[in-house]
Amino acid sequence: TQEGLGRLVDLSIGFAPVDMQTAANTGKRVSLKHAGAVTIVLIKAVGTAGDDPVLTLKQHTAATGGTSANLAIIDHYTIKDAVALAGTETWSAVTQSAAATITDPGGAGTSAEHQQIDAIEVRAAQLSDGYAYVSLDVADVGGNAQLGTVLYILHDLAVQRKPANLAAALA
């Protein structure tokens, strides 16, 4: 029997854990050529009031170079939010007018002061014609330390394989 990795999902890095106040954090690109969708996950630690993250979803025509454009499709996302995540939190849906950005995830003006898991789903069919790659950028959060990482969870895989035989996430 095949496990979930390779059968149901594939994983790729957006950006490794980093202090998001040192500079803008440009997410790596991930291909949707071999998957029907990707769930983009931002996991962040507690920061300082006013240093709320700003997330920007982008689409690209190539793994590197090519044409890039903001992807203004985020009309909802899902979040777990607490001063200290304990694993007991439930998901909350957040809605907004369709945009390429999320400012202050959770919308309470306290996203910097909380630990969060933010999840944005992008379906391959939502990309503009000629675009096959997506990425998530997180702007510099300000002058105070705030650790974060972005993980891409590719799902609805076109071909199911053992993890070692999966195509690279940029292929």
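You'll find the structure just up there.
Residues numbered from 1 in each chain as written. Predicted model: local features only at pLDDT ≥ 70, side-chain atom pairs only at ≥ 80, totals over all residues. Heavy atoms only, no water.

A word on the sheet that holds strand S6 (residues 74–82). Strand order in the open sheet formed by six strands is S1-S11-S3-S9-S6-S7, with antiparallel pairing between adjacent strands. Taken across any chain shown, the strands that pair with only one partner, and hence form the sheet edges, are strand S1 (9–19) and strand S7 (92–99). Here the strands of the sheet are splayed against their neighbours by 20° on average, with no regard to which way each runs. As paired elements, strand S3 (residues 35–44) and strand S11 (residues 147–157) share nine bridges and run antiparallel to each other. (Pairing = 2+ DSSP bridges. Helix = DSSP H or I, 4+ residues; strand = E, 2+ residues; numbered from the N terminus. Axes fitted to C-alpha atoms, helices over the stretch in contact; angles between N-to-C directions.)

Quick look at the pattern of salt bridges now. A complete count under the given rule lists one salt bridge for this structure. Between lysine 58 and aspartate 137 there is a salt bridge; the shortest N-O distance is 3.2 Å. Of this pair, lysine 58 sits in strand S4 (residues 54–60) while aspartate 137 sits in strand S10 (residues 133–138), and the two are 79 residues apart along the sequence. (Salt bridge = Lys/Arg side-chain N within 4 Å of Asp/Glu carboxyl O.)

Attention shifts here to the layout of surface pockets. Of the volumes computed, that of the largest pocket is approximately 170 Å³. Contributing to the lining of the largest pocket are 14 residues, with Asp10, His34, Leu157, Leu166 and Ala167 lying nearest its centre. Grouping the amino acids of the lining of the largest pocket by side-chain chemistry returns ten nonpolar, two polar and two charged. (1 Å grid on protein atoms, 1.4 Å probe; cavity = no way out; pocket = protein on both sides within 12 Å on 5 of 7 lines; lining within 4 Å. Points joined across faces, edges and corners; volume = space filled by probe spheres on them. Nonpolar A, V, L, I, M, F, W, Y, C, P; charged D, E, K, R; others polar.)

What follows covers the pairing of S6. Two elements, S6 and S7, share five bridges in a ladder whose sense is antiparallel. Paired with isoleucine 74 across the strands is alanine 99, a residue of S7.

Before going further, it helps to examine unusual backbone geometry. Even without glycine at this site, aspartate 104 takes up a positive phi of about 60°. On the secondary structure map, aspartate 104 appears in the loop between strand S8 (101–103) and strand S9 (115–123). The buried category is assigned to aspartate 104, whose relative accessible area is 11%. In this structure, aspartate 156 is a non-glycine residue whose phi angle is positive, near 55°. With respect to the helices and strands, the residue aspartate 156 is situated in strand S11. The exposure class of aspartate 156 is exposed, given its relative accessible area of 53%. (Buried < 20%, exposed > 50% of the residue type's maximum accessible area, 1.4 Å probe, protein only.)

Secondary-structure assignment places alanine 139 in the loop between S10 and S11. Among the residues examined, alanine 139 registers a relative accessible area of 33% and is labelled partly exposed. Separated by 36 residues in sequence, alanine 139 and threonine 103 place their C-alpha atoms 10.0 Å apart. Sequence-distant contacts of alanine 139, defined by excluding residues within four places in its chain, comprise Met20, Ala24, Asn25 and Val54. (Contact = heavy atoms within 4.5 Å.)

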